[in-house]
There are 2 protein chains.
Amino acid sequence: MGEDHDHAQERPAAGLFPAARHDHRACVAGLLDHADELCRDQGLRLTPNRRVVLECLLADHKPLSAYDIAERIDWQGRRGGPVQVYRALRFFEDLGLVHRIESLNAFVACTHPVDGDGARHGAQFLVCTDCGRVAEASDPALRRDIGRMARQAGFQVQDPVIEIKGLCPDCGGRR
Amino acid sequence: MGEDHDHAQERPAAGLFPAARHDHRACVAGLLDHADELCRDQGLRLTPNRRVVLECLLADHKPLSAYDIAERIDWQGRRGGPVQVYRALRFFEDLGLVHRIESLNAFVACTHPVDGDGARHGAQFLVCTDCGRVAEASDPALRRDIGRMARQAGFQVQDPVIEIKGLCPDCGGRR
DNA sequence: ATAGTTTTTGTTATAACATAACACAACGAA
DNA sequence: TTCGTTGTGTTATGTTATAACAAAAACTAT
Ligand SMILES: [Zn+2]
Ligand SMILES: [Zn+2]
Ligand SMILES: [Zn+2]
Ligand SMILES: [Zn+2]
């Protein structure tokens, strides 16, 4: 699992795409620690099943379908399948540690769960149609604008789904 | 098909939800005419199969899954199924007359194809989680904001998916 | 009209995504 | 220990979407 990119101490993501070569080992370790902590705080259990699903999503910062995940996991004797994966995904979604990308029927691990303080934090996703990576942004101005637009329409916002497909900087965005 | 709401001459939609009681007969007729015209202009054929799918979507301004549509249609002798529906939906999506709502796995007829000039026009959707209706908005400020956010991230936008779930004015948005 | 081309349709099969239901195991508190 | 809760294994099924290919219909050009 994972690619061979463990290097300097650039931040994993600054509202942008994960740097091509960041210290991914530390990146994963940090996010797993955060998950651990979050679970402990809330009296929830980060079981082996759950942990392995999260590790799988963290492996390369790319969105995976539940079936992708089920295939990649080494179930070590027990028979595992989509059911187990969906259960774990639901668990992490509720914690704000995993986000579903509707337009891909796929899931990504949250790259900055700091804001998340345990609840769903409405984020925006930049989805590269070329390399498949997804960046998680959290733009306050954009959020405000959506609020304004909804208010004008007399609409009470519950859950904004913002998924912008296009080309990431590496794949042609800079040009 | 359709509900019993044919009344005064309020606009069908002003970037908002269709008025509870608008002249729906005229509303449908107008949109079908527009589809006709658009097809003629582009040398495309609005076949009976396609027309019946569009009519089905227009019937009550609510999103329907392809399978919903396949069930509702009276196939008049010919046998019809999801395959036919998906084909028609693809046809209309390419014309900008139907939009897919990713977060619902469903489709809606475009309520203001005027802007559409035959191509995909990036719109924003307000999805009521209570009554299920969907409003199509086209907010320039919001679009600009998305452009700005993407530019800051070095990201080249191709196709923004904006689907805001919440409560429509009728279902509690005004309160 | 006729033959050739393209487009649309009918049909079957299958892929891909997601949840229901229920028995059993593991855990945590009394 | 016992009981109630939470997580897991397992099977089955529901829902959404596309592939593949033959037949029909519509256009085009002679
Ligand atoms: Zn990393
Ligand atoms: Zn890319
Ligand atoms: Zn109407
Ligand atoms: Zn409503």
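A few points on the structure. (Residues numbered from 1 in each chain as written. Chains lettered and ligands numbered in written order. Predicted model: local features only at pLDDT ≥ 70, side-chain atom pairs only at ≥ 80, totals over all residues. Heavy atoms only, no water.)

### Observations regarding the packing of aromatic side chains
And step 1. Tallied over the entire structure, the rule returns five aromatic pairs over all chains.
And step 2. Ring centres of Y67 of chain B and Y86 of chain B lie 6.5 Å apart, and the angle between their planes is 75°; on these two criteria the pair is classed as edge-to-face. Of the two residues, Y67 of chain B is situated in helix α3 (residues 66–72) and Y86 of chain B in helix α4 (residues 82–95); the sequence distance between them amounts to 19 residues.
And step 3. Judged by its relative accessible area of 41%, Y86 of chain B falls in the partly exposed class.
And step 4. Judged by centre distance (5.3 Å) and plane angle (75°), the rings of F91 of chain B and F92 of chain B are edge-to-face. Each member of the pair F91 of chain B and F92 of chain B is classed as buried.
And step 5. Here the basic side chain of R50 of chain A rests over the ring of F91 of chain A, its NZ or CZ set 3.8 Å away from the ring centre. (Phe/Tyr/Trp six-rings, centres within 6.5 Å; stacked < 30°, edge-to-face > 60°. Helix = DSSP H or I, 4+ residues; strand = E, 2+ residues; numbered from the N terminus. Buried < 20%, exposed > 50% of the residue type's maximum accessible area, 1.4 Å probe, protein only. Lys NZ or Arg CZ within 6 Å of the ring centre and 35° of its normal.)

### Some thoughts on the coordination of the zinc ion (ligand 1)
All names here are of chain A.
And step 1. H22 (NE2), H24 (ND1), C27 (SG) and H61 (NE2) make up the full set of protein donors to the zinc ion (ligand 1), lying at 1.9 to 2.5 Å.
And step 2. Because the angles between the four donor atoms bound to the zinc ion (ligand 1) fall within 99 to 123°, the donor set is best described as tetrahedral.
And step 3. Here the donor residues of the zinc ion (ligand 1) are spaced in sequence according to H-x1-H-x2-C-x33-H. Of the two residues, H22 sits in the segment before α1 (24–42) while H61 sits in the loop between α2 (48–58) and α3 (66–72), which places them 39 residues apart along the sequence.
And step 4. Take H22: its relative accessible area is 1%, and that puts it in the buried class.
And step 5. H61 sits in the buried class, given a relative accessible area of 11%. (Donors = N, O, S within 2.8 Å, 3.2 Å for Na, K, Ca; no water. Tetrahedral: all angles 85-135°; square planar, octahedral: opposite > 155°, others 65-115°.)

### Digging into the protein's contact with DNA strand D
And step 1. Around DNA strand D lies a shell of 16 residues, among which R78 and R87 of chain A together with Y67, Y86 and R100 of chain B are the nearest.
And step 2. Counting only the atoms of DNA strand D within 4 Å of the protein, the fraction contributed by sugar and phosphate is 57%.
And step 3. One of the side-chain N or O atoms of N49 of chain A is found 3.2 Å from a phosphate oxygen in DNA strand D.
And step 4. Y86 of chain B places a side-chain nitrogen or oxygen 2.7 Å from a phosphate oxygen of DNA strand D.
And step 5. Tallying contributions element by element places helix α4 (residues 82–95) of chain A first for the surface near DNA strand D, with three residues. (Near = heavy atom within 4 Å. Polar contact = N/O pair within 3.5 Å; in protein donor to acceptor, adjacent residues only side chain to side chain.)

### Considering the coordination of the zinc ion (ligand 2)
Residues and elements named next belong to chain A.
And step 1. Note on the zinc ion (ligand 2): its protein donors are C128 (SG), C131 (SG), C168 (SG) and C171 (SG). The metal-donor distances range over 2.2 to 2.3 Å.
And step 2. Taken together, the four donor atoms coordinating the zinc ion (ligand 2) and their angles of 101 to 114° define a geometry best described as tetrahedral.
And step 3. Spacing between the donor residues of the zinc ion (ligand 2) along their common chain follows C-x2-C-x36-C-x2-C. A residue pair is termed long-range when its members are at least 10 positions apart, and C128 in strand β3 (residues 124–128) and C171 in the segment after β5 (156–167) qualify at 43 residues.
And step 4. In this structure C128 comes out as buried when scored by relative accessible area, which is 3%.

### Thoughts on the protein's contact with DNA strand C
And step 1. Around DNA strand C sit 16 residues, and of these Y67 and R100 of chain A together with T47, R79 and R87 of chain B come closest.
And step 2. Counting only the atoms of DNA strand C within 4 Å of the protein, the fraction contributed by sugar and phosphate is 57%.
And step 3. Between a base nitrogen of DNA strand C and a side-chain N or O atom of Y67 of chain A, the distance comes to 2.7 Å.
And step 4. Within the contact set of DNA strand C, a phosphate oxygen lies 2.8 Å away from a side-chain nitrogen or oxygen of Y86 of chain A.

### Overview of the interface of chain B and chain A
Accessible area lost upon the coming together of the parts is a frequently used measure of interface size.
And step 1. Between chain B and chain A, the contact holds 39 residues from the first and 39 residues from the second.
And step 2. Carbon and sulfur atoms make up 59% of the surface buried where chain B meets chain A, a total of about 3,300 Å² over both sides.
And step 3. Broken down residue by residue, the surface that chain B buries against chain A is led by M149, F155 and Q156 of chain B, which jointly contribute 20%.
And step 4. At the junction of chain B with chain A, the criterion picks out two salt bridges.
And step 5. Between D139 of chain A and R148 of chain B there is a salt bridge, with its nearest N and O atoms 3.3 Å apart.
And step 6. The tally of links from chain B across to chain A stands at 14 residue pairs in polar contact (both at pLDDT 80 or more).
And step 7. Among the secondary structure elements, those contributing two or more residues to the side of chain B that touches chain A are β3 (124–128), α5 (140–152) and β5 (156–167) of chain B.
And step 8. Broken down by element, the residue count for the side of chain B that touches chain A peaks at twelve residues, all from β5 of chain B.
And step 9. Relative to β5 of chain B, β5 of chain A runs antiparallel, the two being bridged by eleven bridges. (Contact = heavy atoms within 4.5 Å. Buried area = accessible area lost by both parts, 1.4 Å probe. Salt bridge = Lys/Arg side-chain N within 4 Å of Asp/Glu carboxyl O. Pairing = 2+ DSSP bridges.)

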